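Below are the chains, spelled out letter by letter.
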Amino acid sequence: MSTIRELEARVGQEVGVSPWVEITQERIDTFARAIEDFQWIHVDAARAKSSPFGGTIAHGFLTLSLLSHLAEATFAFSDRKMGINYGLNRVRFTSPVPVGSRVRARFTLLKFERIENNGVQVVWNTTIEMQGAAKPALVAEWLGRHYY
């Protein structure tokens, strides 16, 4: 697919699967500093070993925030001048993401709507899965606006 407008024909279909991204402790720690959330299950590896998770886990919002990066790594639209997050209809953190996990996103297009100023609003059913895990880490309905 080469243009944003060509998405219209893909409503109801899985349109892309992102590359894998590793969740390192450095990534978790950097995120913790950025949002000032230093809960021990995220940043204290020694203490987290005795937790139900057996080690540190990514913040749920870190996993969610990766959607933008994973989408940019998956899609390249030749006619897109700008894209913005418009919001989320639904988000569920369905499984913890342990440090060292590799995650990727699957994007299924639920809606495509033309909007003013040469734009479209899309709704993606997104699933972030972990390599080797039966259950996804996150499922969300994600709205985006793209201008061409």
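Our subject is the structure listed above.
Below or above, wherever it landed, is the structure these notes cover.

Cut-offs used in this document
Residues numbered from 1 in each chain as written. Predicted model: local features only at pLDDT ≥ 70, side-chain atom pairs only at ≥ 80, totals over all residues. Heavy atoms only, no water. Salt bridge = Lys/Arg side-chain N within 4 Å of Asp/Glu carboxyl O. Helix = DSSP H or I, 4+ residues; strand = E, 2+ residues; numbered from the N terminus. Buried < 20%, exposed > 50% of the residue type's maximum accessible area, 1.4 Å probe, protein only. Expected span 1.5 Å × (residues − 1). Bend = angle between axes of the 7 residues up to and from the residue. Phe/Tyr/Trp six-rings, centres within 6.5 Å; stacked < 30°, edge-to-face > 60°. Contact = heavy atoms within 4.5 Å. Arc of directions from axis to C-beta.

## Notes on the pattern of salt bridges
Under the counting rule described, the total for this entry stands at six salt bridges. Measuring nitrogen to oxygen at the nearest pair gives 2.8 Å for the salt bridge that ties E8 to R114. One end of the pair, E8, is in the segment before β1 (14–17); the other, R114, is in strand β4 (residues 102–115), with 106 residues separating them in the sequence. Residue class for R114 comes out partly exposed when judged on its relative accessible area of 46%. A salt bridge links E129 to R104, with the shortest nitrogen-to-oxygen separation between them at 2.5 Å.

## Here's the deal with helix α4 (residues 60–74)
Relative to the 21 Å expected for 15 residues at 1.5 Å per residue, α4 spans 21 Å between its end C-alpha atoms, a close match to the ideal helical length. Of all bends in α4, the biggest is about 30°, found at L67. Among all positions in α4, only L62, T63, L64, L66, L67, L70 and A71 are buried.

## A closer look at unusual backbone geometry
Backbone geometry at E36 places phi at a positive 55°, although glycine is not the residue there. With respect to the secondary-structure elements, E36 resides in the loop between α1 (25–35) and α2 (40–43). Although it is not a glycine, N118 adopts a positive phi angle of roughly 55°.

## Description of the packing of aromatic side chains
In total, this model carries six aromatic pairs according to the counting rule given. Aromatic side chains F75 and F77 sit 5.7 Å apart centroid to centroid with 10° between the ring planes, which places their arrangement in the stacked category. Their ring planes at 75° and their centres at 5.9 Å tell us that F107 and W124 sit as a pair that is edge-to-face. Of the two residues, F107 is situated in strand β4 and W124 in strand β5 (residues 119–130); the sequence distance between them amounts to 17 residues. Through pairs of rings, three or more aromatic residues link up here, namely F75, F77, F107, W124 and W142.

## Points about the environment of V139
In this fold, V139 is placed in strand β6 (residues 138–147). The sequence separation of V139 and L64 amounts to 75 residues, and the corresponding C-alpha distance is 9.1 Å. Apart from residues lying up to four places away in sequence, V139 is in contact with R90, V91, R92, T94, T126 and T127.

## Quick notes on α1
Buried within α1 are the following residues: I28, F31 and A32. All buried residues of α1 lie within an arc of 105° about the axis, which places them on one face of the element. Facing away from the buried surface of α1 by more than 90 degrees, the exposed residues are E26, R33 and A34. At its buried positions, α1 is contacted by α2 and α4.

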